[in-house]
Structures are given as structure tokens and as C-alpha cells.
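Commentary on secondary and tertiary structure
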Amino acid sequence: MSGASPRFWAGPVRYLRWAARERPSYFWSCVIAALGPAQLMVVPPIRRYFGDYDAPPIPLTYPVPTGPRKQLTGYGDETETD
């Protein structure tokens, strides 16, 4: 261990260097989390440039036919009795 951990506000760059060496999982998870809001503005245009478009929305209802319903025959509807 390199002694006492440096305090962030006393020297932010020094603290970030220390954190990258001594606690890399915390450091890189914070870096990735900090880049998240920027990805909201950067990633969609890049996706469209490469041809990846959003999927069409999933229908929430089944389309109801507009015409009259056909009467089905020949499927055993009339012959089945209990």
C-alpha cells in the first residue's frame, strides 16, 4: 500500500491517479457512469449512420376486421354433441 490515501479536494488529479492504481473497479465504474449522459447525445446519430434503426412499436391490440364475419362450416361445429 502506498500509505495514506490522498484527499480528493486537495489534489483531484493526484487522487484520480491513486484511485486508478489502488481501486480500479471503483475508478472505472465511476468513469463509465460519468460518460453515460454524454452517450444519450452521441450514440443515436452513430447508430443511424451505421444503419441501425429503432424497431417499430409493438401493437397493443389485435386489428379488428371491418367487414362481416364469415360463417364457418365443415369443421365439426354442427356434428359435435355431448
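Residues numbered from 1 in each chain as written. Predicted model: local features only at pLDDT ≥ 70, side-chain atom pairs only at ≥ 80, totals over all residues. Heavy atoms only, no water.

**Structural notes on the overall build of the chain**
When you go through the chain residue by residue, the secondary structure sums to two helices and zero strands. Evaluated residue by residue, the chain yields a buried proportion of 6% over its 82 residues. As displayed, the chain offers around 8,400 Å² of accessible surface, 63% of which is attributable to carbon and sulfur atoms. (Helix = DSSP H or I, 4+ residues; strand = E, 2+ residues; numbered from the N terminus. Buried < 20%, exposed > 50% of the residue type's maximum accessible area, 1.4 Å probe, protein only. Areas by Shrake-Rupley, 256 points an atom, 1.4 Å probe, with all protein chains shown as cover.)

**Some points on a nonpolar patch on the surface**
A contiguous nonpolar patch, built from Leu-40, Met-41, Val-42, Val-43, Ile-46, Tyr-49 and Phe-50 and spanning about 840 Å² of accessible area, is present on the exposed surface. Mapped onto the secondary structure, Phe-50 falls in the segment after helix H2 (24-49). (Patch = residues over 30% accessible without salt bridge, like charges linked within 9 Å, V, L, I, M, F, W, Y side chains within 5 Å. Salt bridge = Lys/Arg side-chain N within 4 Å of Asp/Glu carboxyl O.)

**Some remarks on the packing of aromatic side chains**
Overall, the coordinates contain three aromatic pairs when judged by the stated rule. Here the aromatic rings of Tyr-15 and Trp-18 are separated by 5.6 Å at their centres, their planes lie at 35 degrees, and the arrangement is tilted. Of the two residues, Tyr-15 and Trp-18 both sit in helix H1 (residues 12-22), three residues apart, roughly one turn of that helix. Judged by relative accessible area, which is 26%, Tyr-15 ranks as partly exposed. Measuring from ring centre to ring centre gives 5.1 Å for Tyr-49 and Phe-50, while their planes differ by 75 degrees; the resulting arrangement is edge-to-face. Phe-50 matches Tyr-49 in its accessibility class, with the two residues each being exposed. (Phe/Tyr/Trp six-rings, centres within 6.5 Å; stacked < 30°, edge-to-face > 60°.)

**Side note on H2**
Maximal helix bending in H2 amounts to about 55 degrees, located at Ala-38. One or two positions beyond H2, positive phi appears at Gly-51, with a value near 90 degrees. (Bend = angle between axes of the 7 residues up to and from the residue.)

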